[in-house]
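Spelled out, the chains give:
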Amino acid sequence: VQLQASGGGLVQAGGSLRLSCVASGFIFGSHAMGWFRQAPGKEREFVASITRAGYTNNYADSVKGRFAIFRDNAKNTVYLQMNSLKLEDTAVYYCAVIRSAYTGASVSETDFGSWGQGTQVTVSS
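If you're wondering where the values come from, they're calculated on a predicted model, not measured in any experiment. Per-chain numbering applies: the sequence of each chain, read as written, is numbered from 1 onward. Residues qualify for local features only when their pLDDT is at least 70, as the model is predicted, and side-chain atom pairs are given and counted only at 80 or more; totals for whole chains, interfaces and linings, by contrast, use all residues. Side-chain figures throughout are based on the complete set of non-hydrogen atoms in the structure, without hydrogens or water.

Enquirer: Sorry if this is basic, but what is going on with the sheet that holds strand β3 (residues 17-24) here?
Expert: By way of backbone hydrogen bonds, the strands of a sheet pair with one another, either parallel or antiparallel. Two strands qualify as a pair provided DSSP detects at least 2 bridges between them. Under the DSSP-based scheme used, a helix requires at least four consecutive residues in state H or I and a strand at least two consecutive residues in state E, with every element numbered from the N terminus. Read across the open sheet, the four strands follow the order β1-β3-β8-β7; overall the sheet is antiparallel. The two strands at the open ends of the sheet, each matched to only one other strand, are β1 (2-6) and β7 (67-72). Adjacent strand axes in the sheet meet at a mean angle of 15°, parallel and antiparallel pairs treated alike. Inspection of the sheet shows β7 paired to strand β8 (residues 77-82) by six bridges, in the antiparallel sense. Bridged to Ile69 within β8 is Leu80. What counts as an axis is a line fitted to C-alpha atoms, over the stretch in contact for a helix, and the angles between N-to-C directions run from 0 to 180 degrees.

This is how it looks when you write it as structure tokens:
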């Protein structure tokens, strides 16, 4: 399994970024996907997840209404559109694939089995 995340960078508060994660090594359309993040000095936390067909999403309360997760199964890619970015969104963002095929979109880190290398998002004032 390989997950290649990209799209991070430096953005001013209130701005937007779109993260992408290209997956390979497994049947992408059979697995729910998720995004997590880890800020300096903090534990990794759940951001968003999406079912294998993209019909159901879950979001952390801190990003609801600002972030959107979606996927393109033809491109083996999951995205995270981040709008109205805040200073507290600064973190390394990781995409992850759920351990078991044909299951729902979990919010629990322990349900995800493979992780990308992460992409840095820095929000400045």
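Enquirer: I keep staring at the packing of aromatic side chains and nothing clicks. Help me out?
Expert: For any two aromatic rings, the description comes down to two numbers: the centre-to-centre distance and the angle of the planes. Two rings belonging to Phe, Tyr or Trp (six-membered ring only in the last case) form a pair when the distance between their centres is within 6.5 Å. Interplanar angles under 30 degrees mark stacking, angles over 60 mark edge-to-face geometry, and anything in between is tilted. Throughout the structure, instances matching the rule amount to five aromatic pairs. Here the aromatic rings of Phe36 and Phe46 are separated by 5.7 Å at their centres, their planes lie at 75°, and the arrangement is edge-to-face. Of this pair, Phe36 sits in strand β4 (residues 33-38) while Phe46 sits in strand β5 (residues 45-50), and the two are ten residues apart along the sequence. With respect to class, Phe36 is no different from Phe46; both count as buried. Between the aromatic rings of Phe36 and Phe112, the centroid separation amounts to 5.1 Å while the plane-to-plane angle is 75°, which identifies the pairing as edge-to-face. Residue Phe36 is found in strand β4, and its partner Phe112 is found in strand β10 (residues 112-115); the two are separated by 76 residues along the sequence. We call a charge positioned above a ring when the Lys NZ or Arg CZ atom is no farther than 6 Å from the ring centre and deviates by at most 35 degrees from the ring normal. Between the NZ or CZ atom of Arg44 and the centre of the ring of Tyr94, over which it lies, the distance is 5.3 Å. Over the ring of Phe28 we find Arg71, and its NZ or CZ is 4.3 Å from the ring centre. Buried means the residue's accessible area, taken with a 1.4 Å probe over protein chains only, is under 20% of the maximum for its type, while exposed means over 50%, and partly exposed covers the values in between.

Enquirer: Honestly, the nonpolar core in this entry has me stumped. Any pointers?
Expert: Within soluble globular proteins, side chains that are nonpolar tend to cluster in buried spots. Here, nonpolar core refers to any group of buried Ala, Val, Leu, Ile, Met, Phe, Trp, Tyr and Cys residues whose side-chain atoms link them within 4.5 Å. Counting residues in hydrophobic clusters, the biggest one holds 36 residues, and the most contacted among them are Trp35, Leu80, Met82 and Tyr93. Among the secondary structure elements, those contributing two or more residues to this core are β1, β3, β4, β5, β7, β8, β9 (91-98) and β11 (119-124). Other than its neighbours up to four places away in sequence, Leu80 contacts Leu17, Arg18, Leu19, Trp35, Val47, Ala48, Phe67, Ala68, Ile69 and Tyr93. We call two residues contacting when some pair of their heavy atoms lies within 4.5 Å.

Enquirer: Hey, could you run me through the state of the cysteines in this one?
Expert: Chemically, a disulfide is nothing more than a covalent bond linking the sulfur atoms of two cysteines. Only a pair of cysteine sulfur atoms within 2.5 Å counts as a disulfide in this structure description. Evaluated as defined, the whole model comprises one disulfide. Bridging Cys21 to Cys95, the disulfide has an S-S length of 2.0 Å. Residues Cys21 and Cys95 are joined through a disulfide that is right-handed, its torsion about the S-S bond being 55°. Here Cys21, found in strand β3, pairs with Cys95, found in strand β9; they are 74 residues apart in sequence, far enough to count as distant.

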